[in-house]
Amino acid sequence: MDPLRMADLSPRKKRPRQTGASMSSPSQDVKFQDLVIFILEKKMGRSRRAFLMELARRKGFRVESELSDSVTHIVAENNSDSDVLEWLQAQNIKASAQLELLDVCWLIECMGAGKPVEVTGKHQLVVRKDNSANANTEPQKTPLLAVKKISPYACQRRTTLNNCNQIFTDALEVLAENYEFRENEGSYLAFMRAASVLKSLPFTIISMKDTEDIPCLEDKVKYIIEEIIEDGECSEVKAVLNDERYQSFKLFTSVFGVGLKTAEKWFRMGFRTLSKIRSDKTLKFTQMQKAGFLYYEDLVSHVTREEAEAVSVLVKEAVWAFLPDAFVTMTGGFRRGKKTGHDVDFLITSPGITEEEDQPILLKVINLWERKGLLLYYDLVESTFEKLKLPSRKVDALDHFQKCFLIFKLHHQRVDSGKASQQEGKTWKAIRVDLVMCPYERRAFALLGWTGSRQFERDLRCYATHERKMALDNHALYDKTKRMFLKAESEEEIFAHLGLDYIEPWERNA
Ligand code: CTP
Ligand code: MN
Ligand code: MN
C-alpha cells in the first residue's frame, strides 16, 4: 500500500467504543499478571478514567476498580506525588515503598507498546515545588487549565527531554520522515512542527479535548492523534514502517555520506540491502561513503555521554596545544542534555580569532591527530565568511564558518574485563565529530546556532523574520528596521534583542 495515501483523510471506520458507566468487566484475559493497576479518578475525571481502564483491560492489563493491598501501580493525572500520598492517607492506606506512583504518561506508553514499559524518572510523579527559581530541574506537571497560551514558535516554549507525549511524537516523526524521503517538504515541516509542540506539553494528551488550544496541529495531525488515543497505535504509521521505500531510505541514509539523492538512486536501481550495495562492482562511492561503510556498525551505535566526554578531553588537549586561550564548547544534542547522540559537536573560538585572517588551528589539529593515527576520515571545509553579508533568508541555511566533519578513532579508556567487547579484540570505536571554528565576535551566534535543536533553530529564525523584522543566522542578527547589525556577547543578549525570554539549552529540545 502506498503510504502517501495517508494524506487522503477519508473517514475511518471507528471501532465501537465503550465509555462512562458501560465499562467492560474486568474478567477479560489478563496477560500481565505481575502488576495490578489502580487509576485515580481525582483530577482525571470519571469518564477518562473509565476509558483508560477499559483500554488497559482490552490490552491485557489487570486494572482494579477499587484500591486494595494488591495494587502495585497507582496511575494519576495532574497530581503531584504529595497529592496522591495525601489522598492515600485519607483512604487510610499506607503507601509501601514498592507501590509505584505514576503519571498517566506511563500507562499511555504501555498502551502503545502493548505491554508494560519500564518505569523511568519521567513517569514518576513530580514533587510540586512552589518556587520555580531553579530551572535546571524537571518541570512540574501543570493541569491543562493553568497552562499559558502555547506559542506556535519553539523558541517561545520550554522543551525538556521529559516528553510526556512520546507515543504521539514517535508516530508523527515517522510520518514526517516518510514525507522527507518523498521530498514533500510542506508535510515534513508540518509533522515536525506538530511533534515539536507536543514535546513541550507538561501533560499527556488523553482526549481530543486536550488538543483544542494547541497550535500547529493540522487536521491530518489531529486525525493521527485521535487514532492513537482510541487504539493505542496508528495504522498509517504501521503502513509506513512496513513500506519498502521507507525501509530502504531509512537503511541507506543511515550510512554516513548518503543523502536522499543517493538513497533514491540506489532504491531505483533495485537495491534493498547494504551488503548488495557494498559488494556491487559498478557503483562508485565518495570517500565519505567509503568511510561510512567501513565504520558502519560503530557509527550507527549511538555515542554515549561518556564517549563524548572522552572526545572532549582530546579535542581540548589538541586545540590548546596550538591555542592555549581557546574556548572549546561542546554544542549540539549533548549541550541540550541528551544522553546519547549521533555525533559530538564542538565550537572553537579565541579572542585572537578574527574575521580577517584564515585560521590554521583546525588544520594543525587534523595534522596532529593524523600523525597519531586517530583520524579515520575528515573533510575540512574552509570558511566562506564575508563580514557584511546579511543573514541568510533560508531557515535551514548552512553557515560559512571553517569546520571539519570527521570520524575519530576513540580508544577505550580502560579495558574492562567484565564487559565483553562487541568485536573481539577491537579496542576502539569510530565516533563522528564536528568541529566548528568561529571569529570571537560571532561566538554567541555560532553557539546558539550549533546548540539546536534543528526545530528550535528553524523557529528562532522564523520568529526573527516574521515577528521582529530581523534576520538571524549562525553568524549575526540584523535589524531590518534600524538597518544595523546587533552585537551580542552571549546567547542571553541575542534572546533579549529578539524580545524573547531566555530559554536554557536543556529547554531547547524542540
Ligand atoms: N547545524 C548547523 N549547520 C550544520 C549542521 C548542524 O547549523 N551544517 C546545527 C543545527 O542547528 C543542529 C546542531 O548544529 O541543531 C547540531 O547538529 P547535529 O549534530 O546534526 O544534531 P544534534 O542536535 O546534535 O543531534 P545528535 O545528537 O543526533 O547529533
Ligand atoms: Mn550532534
Ligand atoms: Mn553534528
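Parameters at a glance
Residues numbered from 1 in each chain as written. Chains lettered and ligands numbered in written order. Predicted model: local features only at pLDDT ≥ 70, side-chain atom pairs only at ≥ 80, totals over all residues. Heavy atoms only, no water. Helix = DSSP H or I, 4+ residues; strand = E, 2+ residues; numbered from the N terminus. Buried < 20%, exposed > 50% of the residue type's maximum accessible area, 1.4 Å probe, protein only. Contact = heavy atoms within 4.5 Å. Areas by Shrake-Rupley, 256 points an atom, 1.4 Å probe, with all protein chains shown as cover. Donors = N, O, S within 2.8 Å, 3.2 Å for Na, K, Ca; no water. Axes fitted to C-alpha atoms, helices over the stretch in contact; angles between N-to-C directions. Parallel < 35°, antiparallel > 145°, perpendicular 65-115°, else oblique. Left-handed = near helix turned anticlockwise from the far one by under 90°. Nonpolar A, V, L, I, M, F, W, Y, C, P; charged D, E, K, R; others polar. Pairing = 2+ DSSP bridges. Expected span 1.5 Å × (residues − 1). Salt bridge = Lys/Arg side-chain N within 4 Å of Asp/Glu carboxyl O. Near = heavy atom within 4 Å. Polar contact = N/O pair within 3.5 Å; in protein donor to acceptor, adjacent residues only side chain to side chain.

Another point: the overall build of the chain. Scanning the chain from terminus to terminus reveals 18 helices and 14 strands. Buried residues in the chain amount to 50% of all 510 residues. Residue pairs in contact within the chain that sit at least 24 positions apart in sequence constitute 69% of those at least 6 positions apart. Accessible surface, the chain: about 26100 Å² in total, of which carbon and sulfur atoms supply 51%.

Donor atoms from the polypeptide that bind the manganese ion (ligand 3) are Asp343 (OD), Asp345 (OD) and Asp434 (OD), placed at 2.1 to 2.3 Å. Here the manganese ion (ligand 3) and the manganese ion (ligand 2) are spaced 3.6 Å apart, linked through Asp343, which binds each one. With Asp343 in the loop between strand 7 (340–341) and strand 8 (344–349) and Asp434 in strand 11 (residues 428–437), the pair connects residues that are 91 residues apart, well separated along the chain. Accessibility expressed as a relative area gives 7% for Asp434, which makes it buried.

The subject of this paragraph is the packing of helix 5 (residues 185–199) against helix 6 (residues 219–231). When two helices pack together, their arrangement is captured by the angle between the axes and the distance separating the axes. Put simply, helix 5 and helix 6 touch, their axes get as near as 10 Å, and they point 50° apart. Comparing the axis directions of helix 5 and helix 6 gives the class oblique. The element helix 5 and its partner helix 6 pack so that their crossing is right-handed. Taken together, the residues of helix 6 that come into contact with helix 5 (itself represented by Ser187, Phe191, Ala194 and Leu198) are Lys220, Val221, Ile224 and Ile225. Classifying every residue of the contact of helix 5 with helix 6 gives six nonpolar, one polar and one charged.

Below, the discussion takes up the pairing of strand 6 (residues 327–330). On a regular strand, each side chain points to the face opposite its neighbour's, so the side chains alternate between the two faces of the sheet. Burial of the side chains of strand 6 is restricted to one face: Val328 and Met330 are buried, whereas none of Phe327 and Thr329 on the reverse face is. Pairing geometry for strand 6 and strand 8, over four bridges, is antiparallel. When the bridges of strand 8 are listed, Phe327 appears paired with Thr349.

Here helix 17 (residues 454–468) spans 20 Å end to end across 15 residues, near enough to the 21 Å set by a 1.5 Å rise per residue. When helix 17 is considered as a whole, its buried residues turn out to be Gln455, Phe456, Glu457, Arg458, Asp459, Leu460, Arg461, Tyr463 and Ala464. The inward-facing, buried residues of helix 17 contact helix 5, helix 16 (443–451), strand 12 (470–472) and helix 18 (491–497).

One open sheet holds the three strands; their spatial order is 12-13-14, and the pairing between them is antiparallel. Edge strands, defined here as strands with exactly one partner in the open sheet, are strand 12 and strand 14 (484–485). Pairing geometry for strand 12 and strand 13 (residues 477–479), over three bridges, is antiparallel. Looking at the pairing, Met470 lines up with Asp479 of strand 13.

On to the pattern of salt bridges, then. Tallying each qualifying case throughout the model produces 27 salt bridges. Taking the shortest distance from any N to any O, the salt bridge between Lys122 and Glu109 comes out at 3.3 Å. In this pair, Lys122 is assigned in the loop between helix 3 (104–113) and helix 4 (166–181) and Glu109 in helix 3, connecting sequence segments 13 residues apart. Residue Glu355 pairs with Arg442 through a salt bridge whose shortest N-O separation is 2.6 Å. Note that Glu355 is positioned in the loop between strand 8 and helix 15 (361–371) and Arg442 in the loop between strand 11 and helix 16, a separation of 87 residues in sequence. Here Arg442 falls in the buried class, since its relative accessible area comes to 12%. Look at the salt bridges and you will find they share partners, linking Arg48, Glu77 and Asp210 into a network.

Right, let's talk about the site of ligand 1 for a bit. Around ligand 1, the surrounding shell holds 16 residues, and the nearest of these are Gly333, Arg336, Lys338, His342 and Asp343. His342 is positioned with one of its side-chain polar atoms (N or O) 2.7 Å from an oxygen atom of ligand 1. A distance of 2.7 Å separates an oxygen atom of ligand 1 from a polar atom in the side chain of Asp343. Here ligand 1 loses 83% of its free accessible area of 580 Å² to cover by the protein chains. Of all the secondary structure elements, the ones that give two or more residues to the shell around ligand 1 are helix 14 (332–335), helix 16 and helix 17.

Turning our attention to the side chain of Arg245. Here Arg245 is to be found in helix 8 (residues 244–252). From its side chain, Arg245 meets the backbone oxygen of Phe181 in a polar contact 2.8 Å long. With sequence-adjacent residues up to four places away left out, Arg245 is seen in contact with Phe181, Arg182, Glu264 and Phe267.

On the basis of which strands lie adjacent, the open sheet formed by four strands has the order 2-1-3-4 and parallel pairing. Unpaired on one side and paired on the other, strand 2 (61–64) and strand 4 (100–103) mark the two borders of the sheet. Taken pair by pair, the neighbouring strands of this sheet meet at an average axis angle of 35°, ignoring direction. The sheet contact formed by strand 1 (residues 32–39) and strand 2 spans four bridges and is parallel. Residue pairing across strands places Phe32 opposite Phe61, the latter belonging to strand 2. Together, strand 1 and strand 2 form the strand contacts of helix 1 (residues 46–58), whose direction differs from that of strand 2 by roughly 145°. Contacting strand 1, strand 3 (73–76) and strand 4, helix 2 (residues 81–90) runs over the sheet at an angle of about 130° to strand 4.

All right, on to the pairing of strand 11 then. Burial of strand 11 is extensive: ten of the ten residues sit out of reach of the surface. Residues Trp428, Ala430, Arg432, Asp434 and Val436 point to one face of strand 11 and Lys429, Ile431, Val433, Leu435 and Met437 to the other, with burial holding for every one of them. Taken together, the five bridges between strand 8 and strand 11 define a ladder with parallel strand orientation. Note that in strand 11 the partner of Asp345 across the bridge is Asp434. In terms of strand pairing, strand 10 (residues 402–411) meets strand 11 through ten bridges, oriented antiparallel. Within strand 11, the residue paired with Phe408 across the bridge is Ile431.

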